[in-house]
Amino acid sequence: MTPRLRHGIACTVVLTFLYALSPPAGAQDKEYAIKVMPPGGPAPRLADGHPDLSGHWLPNSAGQGLGGRFGVDPAARAQFDPKVTPEEPPALQPWALAKIKSMTATEIELAKPSVNCLPRGVASIWLQNPYSTLIVHTPRTMVQLYEVLNNWRVVHLDGRPLPRNPEPFFYGNSSARWEGDTLVVESTGYDERTSMMPEVLFHSDELRVTERYTRPSMNYLIVEITINDPKVLTKPWRSAPRRWTLGDGEVYEFFCTNNRELEELQKLRQQEVERK
Amino acid sequence: MTIPRLFGAAAVTCAVLLLAVPSFGHHSFAAEFDASNCREFTGILTKLDWQSPHAYFYMDIKDGSGRVESWSFQTYALITLRRSGTDRQVFLDNIGKEVWVRGCLAKNGRQHYAAAGTLKLSDGVLRQVGQLQD
């Protein structure tokens, strides 16, 4: 049996196992201590009539932190239902796929911005961020205060165009417009140390991220991401519409000042290299 | 497409999908710790290092011969601990007391170091303070 075949069979076994672990429909009837937050009333609006996206948003459907909690409805942990809005894996250029396949799990870990205490970048801050985001929204600006690493970002809503030669920023250079009740934010010009997305830890200078924000009700913020980078992807990747829910708890400080993972992982990588 | 090629394509898709599974906010548990090498520990809580991205607590634990060894245990991020009700004061109130923890050892073989999963302090409440290993 070839290694490739063994890998394929192993993957099939893993996916079958994960499917078997998923709760059957009947299991949703169980009484959980923490459930899906109801949508609430109508979304608030700004003085200019657009939806007000302000709020303390949690990356789940419960409106509260769920890490370390017992008795949580699996639906409350989710930001979308993959049966309703599936997400395809990114379609990678052959060189990009080969690059990822050539890396060990430890090397992938060492390449993550999060492990290096670096900002995650615009796509990953919405796609893989277990902490909260506080949004302060006015007709002129949308300020995003990320709990993780005490990062922040200002999106100007004055219709300014994208710069022709953008300075590379961790959170990019943004241009925003309204399409009905959807705020569309396009960004280019990213620092090369940011990831394109959680699964793809690199990008080219042609990376362009489009965020679509809607607030269909008081308690829900929907963020949908499209990533285009023709040097790395064979076609744009689009996320499911992911739900963030309104929390009423504290926003906490998080300065990454005691990072021990790099040393531990570098030691592990050295051991792996020596074993080869 | 031949069956081996089909499986190969599935494996690549699988690899990308599995990378997307969320875990620790700061890093992947599986990259640093061995989920197949977990143990239960009982000992005296001696110290707390309450800093980001992870807290560490220290325990004096007797080995098989009765010799006391100092172990350190990594937890979730402080934010996650606070939101789940296990804040700094909870640990401080248990310094010098006997506690129980289930944890998994580091893959790099670092001595007396593990990721904490579940923890019981003097109140007997089972707390999840790190990724569950089973």
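Conventions used here
Residues numbered from 1 in each chain as written. Chains lettered and ligands numbered in written order. Predicted model: local features only at pLDDT ≥ 70, side-chain atom pairs only at ≥ 80, totals over all residues. Helix = DSSP H or I, 4+ residues; strand = E, 2+ residues; numbered from the N terminus. Buried ≥ 20, exposed ≤ 12 C-beta atoms within 10 Å, placed from the backbone. Contact = placed C-beta atoms within 7 Å. Pairing = 2+ DSSP bridges. Core = buried A, V, L, I, M, F, W, Y, C linked by C-beta atoms within 7 Å. Expected span 1.5 Å × (residues − 1). pLDDT = per-residue confidence, 0-100.

(A) Local environment of the overall build of chain A. Each helix and strand counted, chain A has 6 helices and 10 strands in total. Across the 276 residues in chain A, those meeting the buried criterion constitute 35%.

(B) Local environment of the overall build of chain B. From N to C terminus, chain B includes 4 helices and 6 strands. Scanning chain B from its N terminus toward the C terminus, one meets helices and strands in the order α-α-β-β-β-α-α-β-β-β. In chain B, which comprises 134 residues, the proportion classed as buried is 36%. The long-range share in chain B, meaning contacts at least 24 apart out of those at least 6 apart in sequence, stands at 52%.

(C) The pairing of strand 5 (residues 173-179) of chain A, seen in detail. As judged from the 7 bridges shared by strand 5 of chain A and strand 6 (residues 182-188) of chain A, these two strands associate in the antiparallel manner. Considered in strand 6 of chain A, the bridge of A:Arg177 is made with A:Val184.

(D) Focus on the nonpolar core. Ranked by internal contacts, the top residues of the largest apolar core, which has 60 residues, are A:Ala123, A:Met196, A:Leu221, A:Ile225, A:Ile227 and B:Ala116. Not counting the four nearest positions on each side in its chain, A:Leu221 is found in contact with A:Leu53, A:Gly55, A:Trp57, A:Tyr213, A:Arg215 and A:Trp244.

(E) Main features of the environment of B:Phe57. All names here are of chain B. Residue position: Phe 57 is located in strand 2 (residues 56-62). Once the C-alpha coordinates of Phe 57 and Trp 71 are considered, the two residues, 14 residues apart in sequence, prove to be 8.3 Å apart. If sequence neighbours within four positions are ignored, Phe 57 has contacts with Leu 45, Lys 47, Leu 48, Phe 73, Thr 75 and Phe 91.

(F) Representation of helix 6 (residues 261-275) of chain A. The end-to-end C-alpha distance of helix 6 of chain A is 21 Å, a good match for the 21 Å that 15 residues give at a rise of 1.5 Å each. Next to the buried residues of helix 6 of chain A lie helix 4 (105-111) of chain A together with helix 2 (29-32) and strand 4 (98-106) of chain B.

(G) The pairing of strand 2 (residues 133-137) of chain A, seen in detail. All names here are of chain A. Here strand 1 (residues 55-58) runs beside strand 2; their pairing, made up of 3 bridges, is antiparallel. Looking across to strand 2, one finds that His 56 is bridged to Leu 134. Two strands pair when backbone bridges link them, and strand 2 and strand 3 (residues 141-146) are joined in this way by 5 bridges, in the antiparallel orientation. Along strand 3, the bridge assignment pairs His 137 with Met 142. The hairpin turn running from strand 2 into strand 3, its antiparallel successor, is 3 residues long.

(H) Quick look at unusual backbone geometry. Cis geometry marks the peptide bond from B:Ser52 to B:Pro53, where omega comes out at 10°. Positive phi values are uncommon outside glycine, yet A:Asn150 reaches one of about 55°. For A:Asn150, the position within the fold is in the loop between strand 3 and strand 4 (151-156). What makes A:Asn150 partly exposed here is the crowd of 14 C-beta atoms within 10 Å. Although it is not a glycine, B:His112 adopts a positive phi angle of roughly 55°. Assignment of secondary structure puts B:His112 in the loop between strand 4 and strand 5 (113-120).

(I) Highlighting the confidence of the model for chain B. Taken over all residues, the pLDDT of chain B has a mean of 85, while the share at 70 or more is 80%. Of the two predicted TM-score estimates for the complex, the pTM is 0.87 and the ipTM is 0.86.

(J) Fine view of the environment of A:Ile125. Residues and elements named next belong to chain A. Tracing the backbone through its elements, the reader meets Ile 125 in helix 5 (residues 122-127). Each C-alpha atom of the pair Ile 125 and Val 148 lies 8.9 Å from the other, and the pair is 23 residues apart in sequence. Apart from the residues within four sequence positions on either side, Ile 125 is in contact with Arg 120 and Tyr 146.

(K) Inspection of the environment of A:Leu118 at higher detail. Residues and elements named next belong to chain A. Tracing the backbone through its elements, the reader meets Leu 118 in the loop between helix 4 and helix 5. For the pair Leu 118 and Thr 194, spaced 76 residues apart in the sequence, the C-alpha separation amounts to 7.7 Å. Ignoring any residue separated from it by four or fewer positions in sequence, one finds Leu 118 in contact with Pro 113 and Arg 193.

(L) Seen up close, the confidence of the model for chain A. Averaged over every residue, the pLDDT of chain A is 91; the share at 70 or more is 89%. Here residues 1-27 of chain A is modelled with pLDDT under 50, and outside its nearest four sequence neighbours on either side it reaches 22 contacts, counting other chains as well.

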